[in-house]
Amino acid sequence: MSAGSLYFKCPDNLTAKKFLKKLAKIVTLEIVAQEYMCKTFYDSFDSLLYTHNMICEFNHSQKQSNMCLIDRKLGHMIATEMVEDMPRFVGQCAEGRIKKLLVSSLAMRAIIPLCHLPLTVYRLNILNKDQKIVLRLQLDAYDDLNHYVRVLPLKGYDKAAEKMLSVLQAQWHFKPAKSTALDDALKSMNQAPQSYSSKFQLKLTPDTPANEACLHIYLYLLKVINKNESGVIEDIDTEFLHDFRVAVRRTRAGLNQLKNVLPDNELAQYAEFFAWLGQITSTTRDLDVYLLSYQDYKLILPAEMQADLEPFYTLLKQKQIIAQDSLVEHLTSDYYQDSLANWQKYLNSSVRKAIKTDMGGLTVKELADKRIWKMLKRVLSEGAAINHDSPAEALHDLRKTAKKLRYLMEFFASLYTPSDIKLLIKSLKQLQKVLGDFQDYEIQEISLKQFKKELKDNQATENTLLAMEKLVTHLEHQRGLAREKFADRFNLFQKIEHQAQFQLLFAPAQKVKS
Amino acid sequence: MTIIASYNIKGGVGKTATAVNLAHIASQKNHFKVLVWDLDPQGATSYYFRIKPKVKGGSKAFISGTRALDGLIKATDYENLDLLPADFSFRNLDLALDGHKKPTQRLKKLLAPLKKEYDLIILDCPPNISLLSEAIFEASDMLLSPMIPTTLSLRTLEQLKKYLKDNKLNHLTLLPFFSMVDRRKKMHNEIMRDITDIYPDTLKSVIPYASDVERMGWERQPLGAYMGRGRSIDAYRNLWNEVWLAMNA
Ligand SMILES: Nc1ncnc2c1ncn2[C@@H]1O[C@H](COP(=O)(O)OP(=O)(O)OP(=O)(O)O)[C@@H](O)[C@H]1O
Ligand SMILES: [Mg+2]
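**Points about the interface of chain B and chain A**
Then, in step 1: Each side of the interface is counted separately: chain B has 14 residues, and chain A has 9 residues.
Then, in step 2: Interface area for chain B against chain A, summed over the two sides, is near 980 Å², with a carbon-plus-sulfur share of 41%.
Then, in step 3: Of all residues in chain B, Arg50, Ala75 and Asp77 of chain B give up the largest surface area on contact with chain A, accounting jointly for 53% of the area buried on that side.
Then, in step 4: Our enumeration of links across chain B and chain A arrives at 4 salt bridges.
Then, in step 5: Counting the contacts that link chain B with chain A gives 9 residue pairs in polar contact (both at pLDDT 80 or more).
Then, in step 6: Along the lines of polarity and charge, the residues of the side of chain B that touches chain A split into 6 nonpolar, 1 polar and 7 charged.

Structure below.
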């Protein structure tokens, strides 16, 4: 079989009727089925399937409905499955090929509908003089878009396929499909697949004035907040709130870490607003995390105890619903909407005028070197002061400092050699992981004890309380392990070559000279 | 993957009808990927599937190995069901095999590469015992053997049993069953009872003599493609169930 395309876009204005008439003139044609259906395309909010070169369709007709994964580049079907309804999360898919493919690309993101396209699907057989089928065709006749034809060759009947391909291309001037109906539909709606990533990816140039660069950082983060807002309110999946909160935290880190670059007195009210925003989103996020961890919690317990944990799940779910309601109330409040609108206005207007502050006169590279260098020294000295007997607070403080360093490095990453900065962020990440685990386990422990008390007040059974107790013990143990890991991890981070690299990269110029 | 030969020493007993219908049922009901190989130069199976009884290069080309079987396969009109068509040159298959070293192992070897692609291969065999049938016995896992309940059929079955035993074809499961049965005929019923007493391994399913089956030649389709329900299609479905159980025994 020729290796060429088997999938074609019909010329504009070619109706199904015309196509069938043309075809019937040159071959013996049998229309096996003609089915009106609605095709709905799905992807995550951040177009994860698109990025993985997949298209997810839900085809719904009166007779049946199925879910299909299509190779976006080649146009062929990767997998299909009968389903009544589209699942919202991968976890709800039946075991099989589709689930396997989706798990690796979607993780916990919801799949949401992008657009609905009504179409009539014609399944056609081409017959020879013995009335034997020698080729199959499928015509996807979209109501409002160009039609597509798929040639489906049959084994042993290459000639029939070749003849058809030559008619389509050479005589009728059909073009091999380079896009899909989804692309056509998005284009007709003036949309492109969402280009969204939760990573901080703002490109800065070293000699930009520091104050101007800061404004761009805040505007970038504001965009992330805006993009995620409706997903948070509609509670589509937990990633919206996660990304929303990360942008809020980054904004706060900027406001705290980059003092005197913009007029601090003008920023004070926004610092207060973002602190509030961090606070009112935290309960829902915490509960999301507990719900996401629920399966893991269950697996900590021996099989016969796992069912006893069910009331804990119910409690979390109830609390999450209440927290989400109150979160929506906050995010639709005047205070929230006005503050965010003012923040946007403030940033936009400041971009246009020259601001003078102490640090504002530096270039962004100078500011970055200075701030990162300072924070790095703080991480090193705080870490070095921690020994086996240090209280938990010392580790918590170090965790906070490391986090500040991390934000600074991410803000300014584009100013440094990519491979160097990536390596440093990676090693910082590993240190943060140990510190984060240590704290997470402690917080989980405290919260689980609290949940246990609530369950007891709600007349939970003795078995449920026992299961909760077992989880707490497990977390205690885990925390101990994290504490033990710290020294090693920090030593590694501290290693001379690291410091040397840091120095080379970040030490403000005059210091290196001296 | 299982290879089943639809075989009887005698002609006109329903071998082809069995091969065609079981292949169709297995591909539809079990979603097996099925290949039928029409080894009879008369090409009855190919005719039922409306596929030209013609093979590029004839039997010589694939027996000698210059053409792989895979390239000769044709898709039928039914999903998951393919055919290796017959060719007029198959009347000399015995000769072609004889010219090759280890002729009885030849079909087995040629079929081996198709194991990956198919769940079931059904060989529609011409009657007689010949070099070709020996090669078929070597290649197959099961010998599905239709017989018309006549006085001669007991003798034919005994002959076949003896042949398999003498040639130490122990890997081969013999599955005899009755075909073209007229329940109104006293003789048919008596002979079936006698044979089942002597050979309790005889399958329970009985294919009746029915005009629906004869119609296949007119329709040029497997029974199941033009009949949803009915005595004869049900009989073939039951037969397939029994064969399937034997495959999994
Ligand atoms: N159950 C049946 N009822 C009525 N007619 C049948 C039945 N089975 C087969 N026939 C008819 O009997 C004839 C022989 O059947 P078939 O071709 O299946 O036998 P065969 O054993 O393959 O013959 P051959 O040895 O010639 O290959 C055909 O015309 C067929 O239509
Ligand atoms: Mg026959």
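On we go.
**Focus: the side chain of asparagine 8 of chain B**
Residues and elements named next belong to chain B.
Then, in step 1: Looking at the secondary structure, you find asparagine 8 in the loop between β1 (2-6) and α1 (15-29).
Then, in step 2: A polar contact of 2.9 Å, which involves the side chain of asparagine 8, links it to the backbone nitrogen of lysine 10.
Then, in step 3: Polar contacts involving the side chain of asparagine 8 include one to the main-chain carbonyl oxygen of proline 146, which spans 2.6 Å.
Then, in step 4: Here asparagine 8 is in contact with Val13, Lys15, Pro126, Pro127, Asn128, Ser145, Pro146, Met147 and Thr156, once residues within four sequence places are set aside.

**Here we look at the packing of aromatic side chains**
The description of an aromatic ring pair rests on the distance of the ring centres and on the angle between the ring planes.
Residues and elements named next belong to chain A.
Then, in step 1: The full count for this structure, using the stated rule, is 33 aromatic pairs over all chains.
Then, in step 2: For the ring pair phenylalanine 19 and tryptophan 172, a centre distance of 6.1 Å and an interplane angle of 85° mean the geometry is edge-to-face. With phenylalanine 19 in helix α1 (residues 16-26) and tryptophan 172 in the loop between α4 (158-171) and β9 (175-176), the pair connects residues that are 153 residues apart, well separated along the chain.
Then, in step 3: Judged by its relative accessible area of 13%, tryptophan 172 falls in the buried class.
Then, in step 4: An aromatic cluster is built from Tyr218, Tyr270, Phe273, Phe274, Trp276, Tyr335, Tyr336, Trp343 and Tyr346, whose rings are joined through pairwise contacts.
Then, in step 5: Over the ring of phenylalanine 240 we find arginine 109; its NZ or CZ atom is 4.5 Å from the centre of that ring.

**Some points on the domain arrangement of chain A**
Then, in step 1: Here the domain parsing of chain A yields domain 1 (3-174), domain 2 (202-299 + 327-357) and domain 3 (363-514).
Then, in step 2: For domain 1 of chain A versus domain 3 of chain A, the distance between C-alpha centres works out to 50 Å.

**A word on the site of ligand 1**
Residues and elements named next belong to chain B.
Then, in step 1: Close contacts around ligand 1 come from 18 residues, with Lys15, Thr16, Ala17, Pro208 and Ala210 the closest.
Then, in step 2: In this structure, lysine 15 approaches ligand 1 through a side-chain N or O atom, which is 2.7 Å from an oxygen atom.
Then, in step 3: In this structure, proline 208 approaches ligand 1 through a main-chain N or O atom, which is 2.9 Å from a nitrogen atom.
Then, in step 4: For ligand 1, whose unbound accessible area comes to 620 Å², protein coverage reaches 82%.
Then, in step 5: Per-element tally for the shell around ligand 1: the top contributor is α1, with 3 residues.
Then, in step 6: Residue composition of the shell around ligand 1, grouped by class: 10 nonpolar, 5 polar and 3 charged.

Definitions and cut-offs
Residues numbered from 1 in each chain as written. Chains lettered and ligands numbered in written order. Predicted model: local features only at pLDDT ≥ 70, side-chain atom pairs only at ≥ 80, totals over all residues. Heavy atoms only, no water. Contact = heavy atoms within 4.5 Å. Buried area = accessible area lost by both parts, 1.4 Å probe. Salt bridge = Lys/Arg side-chain N within 4 Å of Asp/Glu carboxyl O. Polar contact = N/O pair within 3.5 Å; in protein donor to acceptor, adjacent residues only side chain to side chain. Nonpolar A, V, L, I, M, F, W, Y, C, P; charged D, E, K, R; others polar. Helix = DSSP H or I, 4+ residues; strand = E, 2+ residues; numbered from the N terminus. Phe/Tyr/Trp six-rings, centres within 6.5 Å; stacked < 30°, edge-to-face > 60°. Buried < 20%, exposed > 50% of the residue type's maximum accessible area, 1.4 Å probe, protein only. Lys NZ or Arg CZ within 6 Å of the ring centre and 35° of its normal. Domains from an automatic or database assignment. Near = heavy atom within 4 Å. Areas by Shrake-Rupley, 256 points an atom, 1.4 Å probe, with all protein chains shown as cover.

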